[in-house]
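Examination of the molecular architecture
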Amino acid sequence: MKKLCLFILMFSFAVVAMLTTAQAAEKIEIKIAGMKPEGEPETLGMHKFGEILAKLSNGKYDVKVFPNSTLGKEDAYIASTRRGAIQMCATGTQVSAFHPAMAMLETPMLFDDLNHARRAMEGKTFQLINKGFPEKSGLRMINAFPLGFRHFYTKKVLNTLDDLKGLRLRVPNIPLYINFAKECGIAGQAMPFAEVVTGLDSGVVDGGDSPLADIAATRVYEKAPQITLSGHILVIHALFINDKFYQGLPDQDRKWFDQAAKESADYVWDLLAKLEVENRDKITKGGGKIAEPSKAFKDAITAAGRRSWKLFDDTVKDPVPAKAILESAEAYRAKK
Ligand code: G3P
């Protein structure tokens, strides 16, 4: 009897050990890189994606998040995702280098508000922009979520758009942004996001434009405290996955990735308004001066934004022309 009990006990141990080993062997690590610091919508979205994927897959996928350019600046980690050195990354219109339509995620002065943008990104506009992208880039965009509308941060008060003239304003190194700056009458200083703070410290730039989340997280308001709420571009970022890796996933697993992508984007869309209030508060408490732009400023920047759309007419043709993408976004405008 004693021997039988001992045998059962050892057998149970062996079964538990085998199961544990099998589970450990099944665990797959997913590395995901981003450019924004902890606490920002992009990083919150990446963490949420990992959390949901782990839950859906019962721990099979273990997502390791590398925010704040810790795996390199945006161009470097996008390249790592394309060649499969890492599986995923978060970024935005930087990928328009492979597929110009991607720049239209952030068409200046297009969306009336977050709800308008959300309808477009959950609908046809997202699909039209995405068409042809995997073939050209080796990446797949699996969701889209907002980081916030961009506003100027400068050392001096901006009364009219002409007040931007002569300032050394940082812009992302993306044709859309360089072109938009030109339409505003300025020559933007192109630099990656990770260099903005040192650029301000060294005086290479004396201002720029960013969503409130970036302005608060990087504390640029300490150097350039005048925040003009122009809201000229809604920054849309997305999760991107190496397309070969995605296509190679078992069907059930691919569904988990898709579901985690959708639910993590929903989470950021739902959270953004609350984050904006918190960030306004943080900026004001830190000495930033937040101001609504004058009507003259608003009218001038709206006109500059509309003029900048010409870039899309010239560059976005294949497989979906710019006009069709713009029309689809316009159709999601709320009926007045
Ligand atoms: O989608 C591109 C946008 O994020 C670039 O802006 O300021 O984050 O470099 P920034």
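Residues numbered from 1 in each chain as written. Predicted model: local features only at pLDDT ≥ 70, side-chain atom pairs only at ≥ 80, totals over all residues. Heavy atoms only, no water.

For the rest of this paragraph, the subject is the confidence of the model for the protein chain. A low pLDDT means the predicted coordinates there should not be read in detail. Model confidence for the protein chain is summarised by a mean pLDDT of 94, while 93% of its residues fall at 70 or above. Throughout residues 13-22 the model reports pLDDT below 50, and contacts reaching past four residues in sequence, or to other chains, amount to zero contacts. (pLDDT = per-residue confidence, 0-100. Contact = heavy atoms within 4.5 Å.)

Below, the discussion takes up the pattern of salt bridges. This model, assessed by the stated rule, comprises 27 salt bridges. Put simply, Asp 206 and Arg 168 hold a salt bridge, and the shortest N to O gap is 3.2 Å. Remark: Arg 168 occurs in the loop between β5 (145-154) and β6 (169-171) and Asp 206 occurs in the loop between α8 (196-202) and β8 (207-211); sequence separation between them is 38 residues. Under the relative-accessibility criterion, Asp 206 is labelled buried at 13%. The structure contains a network of salt bridges with shared partners spanning Arg 118, Glu 122, Lys 262, Asp 266 and Asp 270. (Salt bridge = Lys/Arg side-chain N within 4 Å of Asp/Glu carboxyl O. Helix = DSSP H or I, 4+ residues; strand = E, 2+ residues; numbered from the N terminus. Buried < 20%, exposed > 50% of the residue type's maximum accessible area, 1.4 Å probe, protein only.)

Taken together, Met 35, Lys 36, Gly 92, Thr 93, Glu 106, Arg 150, Arg 170, Pro 172, Ile 174, Phe 193, Val 235 and His 237 make up the full set of residues adjacent to the ligand. In isolation the ligand has 290 Å² of accessible area, and contact with the protein removes 99% of it. Looking at the shell around the ligand residue by residue, the class counts come to five nonpolar, three polar and four charged. (Near = heavy atom within 4 Å. Areas by Shrake-Rupley, 256 points an atom, 1.4 Å probe, with all protein chains shown as cover. Nonpolar A, V, L, I, M, F, W, Y, C, P; charged D, E, K, R; others polar.)

This structure, assessed with the given rule, holds five aromatic pairs. Both rings, one in Tyr 61 and one in Phe 257, keep their centres 5.0 Å apart while their planes meet at 85°; by these two values the pair is edge-to-face. Within this pair, whereas Tyr 61 is found in strand β2 (residues 61-66), its partner Phe 257 is found in helix α11 (residues 251-285), the two being separated by 196 residues in sequence. Residue class for Tyr 61 comes out buried when judged on its relative accessible area of 2%. Judged by centre distance (5.8 Å) and plane angle (65°), the rings of Phe 133 and Phe 240 are edge-to-face. (Phe/Tyr/Trp six-rings, centres within 6.5 Å; stacked < 30°, edge-to-face > 60°.)

Phe 49, Met 88, Met 121, Leu 164, Leu 239 and Phe 257 are the most contacted members of the largest nonpolar core, which totals 85 residues. Here this core takes eight residues from α11, the largest share from any one element. Setting aside residues no more than four positions away along its own chain, Phe 49 makes contact with Val 63, Met 88, Ile 142, Leu 239, Phe 257, Ala 260, Ala 261 and Ser 264. Grouped together as the second largest cluster of nonpolar side chains are 14 residues, Val 196, Val 220, Ala 224 and Leu 229 included. (Core = buried A, V, L, I, M, F, W, Y, C linked by side-chain atoms within 4.5 Å.)

Burial along strand β3 (residues 88-91) is two-sided: Met 88 and Ala 90 facing one way and Cys 89 and Thr 91 facing the other are all buried. Pairing geometry for β3 and strand β10 (residues 234-242), over four bridges, is antiparallel. Paired with Cys 89 across the two strands is Phe 240, which belongs to β10. (Pairing = 2+ DSSP bridges.)

Viewed as axis vectors pointing N to C, helix α7 (residues 175-183) and helix α12 (residues 295-308) meet at an angle of 135°, and their least axial separation amounts to 9 Å. Judged by the inter-axis angle, α7 sits oblique to α12. Viewed along their axes, α7 and α12 form a crossing whose handedness is right-handed. Counted together, Asn 179, Phe 180 and Glu 183 of α7 and Ile 301, Ala 304, Gly 305, Arg 307 and Ser 308 of α12 form the full contact between these two elements. Taken together, the residues that form the contact of α7 with α12 break down as three nonpolar, three polar and two charged. (Axes fitted to C-alpha atoms, helices over the stretch in contact; angles between N-to-C directions. Parallel < 35°, antiparallel > 145°, perpendicular 65-115°, else oblique. Left-handed = near helix turned anticlockwise from the far one by under 90°.)

A word on the pairing of β2. Every second residue of β2 is oriented toward a common face, the buried set being Tyr 61, Val 63 and Val 65 and the non-buried set Asp 62, Lys 64 and Phe 66. Relative to β2, strand β1 (residues 28-33) runs parallel, the two sharing six bridges. Paired with Ile 32 across the two strands is Val 65, which belongs to β2. Once the chain exits β1 it traverses helix α2 (residues 41-56) before rejoining the sheet at β2, and the crossover so formed is right-handed. (Right-handed = clockwise from strand over helix to strand, strands pointing away.)

Our focus in this paragraph is the side chain of Thr 43. As for its position among the elements, Thr 43 is in helix α2. Of the residues examined, Thr 43 reaches a relative accessible area of 0% and is grouped as buried. A distance of 3.0 Å separates the side chain of Thr 43 from the backbone oxygen of Lys 36, its partner in a polar contact. Among the polar contacts listed, one links the side chain of Thr 43 to the backbone oxygen of Pro 37, at a separation of 2.7 Å. (Polar contact = N/O pair within 3.5 Å; in protein donor to acceptor, adjacent residues only side chain to side chain.)

Turning our eyes to something else, we now look at the environment of Ala 187. In this fold, Ala 187 is placed in the loop between α7 and β7 (189-190). Owing to a relative accessible area of 60%, Ala 187 belongs among the exposed residues under this scheme. Between the C-alpha atom of Ala 187 and that of Leu 56, which follows or precedes it by 131 residues, the distance is 48 Å.

Attention now moves to unusual backbone geometry. Omega for the bond connecting Asp 318 with Pro 319 falls within 30 degrees of zero, at 0°, which places this linkage in the cis form. By the secondary structure assignment, Pro 319 is in the loop between α13 (310-315) and α14 (322-331). A positive phi is found at Asn 68, a non-glycine position, where the angle reads about 55°.

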